[in-house]
Amino acid sequence: MTLWLYLHFPVLQLDAIYSDHNDQPVIIVEAKKNAIVQFNKAAAVHGINLGMGLGTASSLCADLHVHPYQAEVEKEKLLEIAHWLYAVTSDISFFEPNGILLRVSNMLTLYDGLDNYWRALNTHLSQLKNHFYYATAYSPLAAQLLAQSGFNQVTDNKKVLLNAIQQYSLTKTTLPLKTVEKLNRTGVNNLKQLLSIPIAEIAKRFDISLVNFVGRLTGKFQHPVNFYTPPVQFKRCLQLLFDIENAQWIERPLIRLLNKLEDFLTLRDKVSHEIVITLHQRDAADIDLLISSAQGDSTADKWRKLSALTLESIKIESPVHSITLCASQVAPRSIAEVDLFSGYQGNTSPLELLSILQAKLGKQAIKGLTLTEDARPELTSQFCEPLTSASNLSIKGKLRPSLLLPTPERLMDKVSVIQGPERIATGWWDGRPIVRDYFIARSKQGRWLWIFKNQKKEWFLHGAFS
Amino acid sequence: MNEIIALLQRKNLVWHAKGEKPNNDVSPSGYSAFDDKLQGGLPNRGVVEISSPTGIGELRLLLPNIMRQAQERLTVFIHPPAFINAEHLHSQGFNLNKVLIVFPNSAKEALWATEQCLKSGACSAVLFWCQSLEVHQVRRFQVAAENGNCVNFLLKGEQANALSIPVPLSIQLSPHFCGIDVSIPKRRGGYPLPEFTVDMSSQWPSLTIASSADNILLFPIAKAV
């Protein structure tokens, strides 16, 4: 059977906002329930306890520091811990919001026994200075149950573990309250009683979720867990034997780094979309060069070409003594599906294309079009977030130009009116009324224009029937 | 040697002076006179250069073809001379959800954006209003458009372009009372065509004038300026 270790972090958010002032009472309040979920030692001295309301707490202690509970903070912190633990143990799984599950069994060969493993893990973890409870068990659920109640023992003795689990009453488990009540009525109050019933009997009398629970608790059923894999990142630094003063000469040592990047990416069958080259100067600030490739590249040659373009334009103030290459945006290689007969065809999705364009040109440069019900021509056609136009209006029958000027301009050309007028008098409700007589006109150069005359008999050009 | 020629012929890259074969990689433009002259219509992929003054009906000539070819793919307008009117596109039958308008900050960005859109395969047509392009830029557009199975309309002003650029089809437009005058100085697999008129009076009755131009009223210029 697989041995699991569960780490429970009861005051994770409190640890995250830990400050130097240790004697300051701090509490974390879940706003929805108006209940204290975490508090520090200084607060405990004042008699503050879990589940108290904010009013009670503040009446107990006047200078209380109150923070709202934020699940994201805990999630982030949990990720940080997992990343840190990855150096000593391999199979890590999250139990949000404040638990981490480790698969111990396959680490024991490496560490030569559970004690050594726990010692290494504990030393490594305590450097983070988080408060945590821990427990081992032969199923994830049991380990979680033990750790959450502060069992704090690492053992692979099945008897001890089974005994420990059997002590717990059903209310401490993750079972829904309704099921617990149902069990209580049949005289089952603790896990010992529950586990003594054969699973087949449970299946007969109760629903499948309880069967699953018991199976998972005893480790007879598989508990599906997703293991954490840390993000792939490449970072290498190259110390130069001689200082380089000319930006063009940097290319040579850079190739070495790029070759390493290529090896790194090829091994993982990935491509990088962005690399950052940092030039460490002797007497000046570091220069960061960001080089991006929209389709993603892995070969050193491609990146060399791209970086050469950037290196041409920079100026080095002071000699460069080392170069760091960092590839943070690593993505799986997109498979180009090639049709045998029609050859290579682009297969970017519209959204991918949009993100590529937005990344380079900025969000404001890409627009979508939408129709509104407003009768003012400049408001009927409006820009919107690209690819989100949801208008299902159907305005038919009106002849409108294909190009509209952003703002109407004074009519300067000599034109002859072909059709009109079409009076548009609207917008009185929001302070921007218009009363305009629109005409279709043709200029001497043969351009088809959309012009209007306002109430002051001034003529404006508003669009073209391009 | 014969094999190479046969291959080129199969790929429609060799043109025989005698006997013009109808090109099958084209789609109708919606204007019969135009289609007849172009042996079927506008190409489905590749670069099409259009020199025309703005506002004489150049978009009206192209949009029916673009709309028909879109088929749930994107139509991208890059660096238009003014805002594109949603109402017009809607009345032409466009799905506004599949329309992108790009306002690049510089000429370089415009070129980059055009190439990205062309090669993505997500677009069916990219309309790019540009000033002048260099030969290598047009070559890149052509390759990208073929990769992305996309047609690229390069809309240029009417300035006499001294430098010929390598495009499969070049169209020059000039205004005409009852539509638009088209001449084709260059096309792949065919002789250049002298000027002919595309009659738009059935599609755009309000935007044409009957050939007897006696119903034109001279209109007074704005006096305020």
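Cut-offs used in this document
Residues numbered from 1 in each chain as written. Chains lettered and ligands numbered in written order. Predicted model: local features only at pLDDT ≥ 70, side-chain atom pairs only at ≥ 80, totals over all residues. Heavy atoms only, no water. Helix = DSSP H or I, 4+ residues; strand = E, 2+ residues; numbered from the N terminus. Buried < 20%, exposed > 50% of the residue type's maximum accessible area, 1.4 Å probe, protein only. Contact = heavy atoms within 4.5 Å. Salt bridge = Lys/Arg side-chain N within 4 Å of Asp/Glu carboxyl O. Axes fitted to C-alpha atoms, helices over the stretch in contact; angles between N-to-C directions. Parallel < 35°, antiparallel > 145°, perpendicular 65-115°, else oblique. Left-handed = near helix turned anticlockwise from the far one by under 90°. Nonpolar A, V, L, I, M, F, W, Y, C, P; charged D, E, K, R; others polar. Pairing = 2+ DSSP bridges. Core = buried A, V, L, I, M, F, W, Y, C linked by side-chain atoms within 4.5 Å.

**Student:** Tell me about the overall build of chain A, and please be specific about residues and values.
**Tutor:** From N to C terminus, chain A includes 16 helices and 18 strands. Here chain A, with 466 residues, has 45% of them falling under the buried criterion. Sequence separation of at least 24 residues holds for 56% of the intrachain contacts in chain A that already meet a minimum separation of 6.

**Student:** Account for the pattern of salt bridges, with residues named and values stated.
**Tutor:** All names here are of chain A. With the rule as written, the count across this model stands at 20 salt bridges over all chains. The residue Arg 423 makes a salt bridge to Asp 437 at a minimum N-O spacing of 2.7 Å. Taken as a pair, Arg 423 in strand β15 (residues 415–426) and Asp 437 in strand β16 (residues 434–443) lie far apart in primary sequence, 14 residues in all. Bridged by salt links that share partners, the residues Glu 251, Asp 301, Arg 304 and Lys 305 form one connected network.

**Student:** Tell me about the packing of helix α4 (residues 71–85) of chain A against helix α6 (residues 114–126) of chain A, and name the residues and values.
**Tutor:** Working note: a packed helix pair is described by the angle between its axes plus the distance between those axes. Residues and elements named next belong to chain A. At their nearest, the axes of α4 and α6 sit 10 Å apart, and the two run at 135 degrees to each other. Taken together, the axes of α4 and α6 are oblique relative to one another. Crossing of α4 over α6 shows right-handed handedness. Contact residues: α4 offers Ile 81, Trp 84 and Leu 85, while α6 offers Leu 121, His 124 and Leu 125. Among the residues forming the contact of α4 with α6, the class breakdown is five nonpolar, one polar and no charged.

**Student:** Describe the pairing of strand β9 (residues 169–176) of chain B, and please don't skip the residues or the numbers.
**Tutor:** All names here are of chain B. Relative to β9, strand β3 (residues 46–51) is paired through four bridges, and the arrangement is parallel. From the neighbouring strand, Ile 50 faces β9, where its bridge partner is Ile 171. With seven bridges connecting them, β9 and strand β10 (residues 179–187) associate as antiparallel partners. Within the sheet, the bridge partner assigned to Pro 175 lies in β10 and is Ile 180. Turn length for the β9-β10 hairpin, with the two strands adjacent in sequence and antiparallel, is two residues.

**Student:** An account of the nonpolar core is needed here, citing residue identities and associated values.
**Tutor:** Counting residues in hydrophobic clusters, the biggest one holds 64 residues, and the most contacted among them are Ile 451 of chain A together with Phe 34, Phe 153 and Ile 171 of chain B. The residues touching Ile 451 of chain A, leaving out its near neighbours within four places in the chain, are Leu 411, Val 415, Val 417, Asp 437, Tyr 438, Phe 439, Ala 441, Trp 459, Phe 460, Leu 461 and His 462 of chain A. One finds Tyr 6, Val 180, Ile 202 and Tyr 228 of chain A within the second-largest nonpolar core, a separate group that totals 58 residues.

**Student:** How would you explain the sheet that holds β9 of chain B if you had to name every residue and give the values?
**Tutor:** The sheet built from 10 strands is open, its strands ordered β13(A)-β12(A)-β6(B)-β4(B)-β7(B)-β8(B)-β3(B)-β9(B)-β10(B)-β11(B) with mixed pairing. In this open sheet, the two strands that pair with only one neighbour each are β13 (381–384) of chain A together with β11 (193–199) of chain B. Along the sheet, successive strands turn relative to each other by an average axial angle of 25 degrees, direction set aside. Judged from the four bridges that link them, strand β12 (residues 366–371) of chain A and β13 of chain A form a sheet pairing that is antiparallel. Across the sheet, Gly 368 of chain A pairs through a bridge with Cys 384 of chain A, a residue of β13 of chain A. Running over the sheet, helix α15 (residues 350–361) of chain A touches β12 of chain A together with β4 (74–78), β6 (99–102) and β7 (123–129) of chain B and is turned about 125 degrees from β12 of chain A. In the packing of helix α5 (residues 107–120) of chain B onto the sheet, contacts are made with β4, β6, β7 and β8 (151–156) of chain B, and the angle to β7 of chain B comes to roughly 165 degrees.

**Student:** I'd like to hear about the environment of Val 214 of chain A, residue by residue, with values.
**Tutor:** Residue and element names in this part refer to chain A. Structurally, Val 214 is set in helix α12 (residues 208–218). A relative accessible area of 3% places Val 214 in the buried class. Once residues lying within four places of it in the same chain are set aside, the contact partners of Val 214 are Leu 194, Leu 195, Ile 199 and Ile 202.

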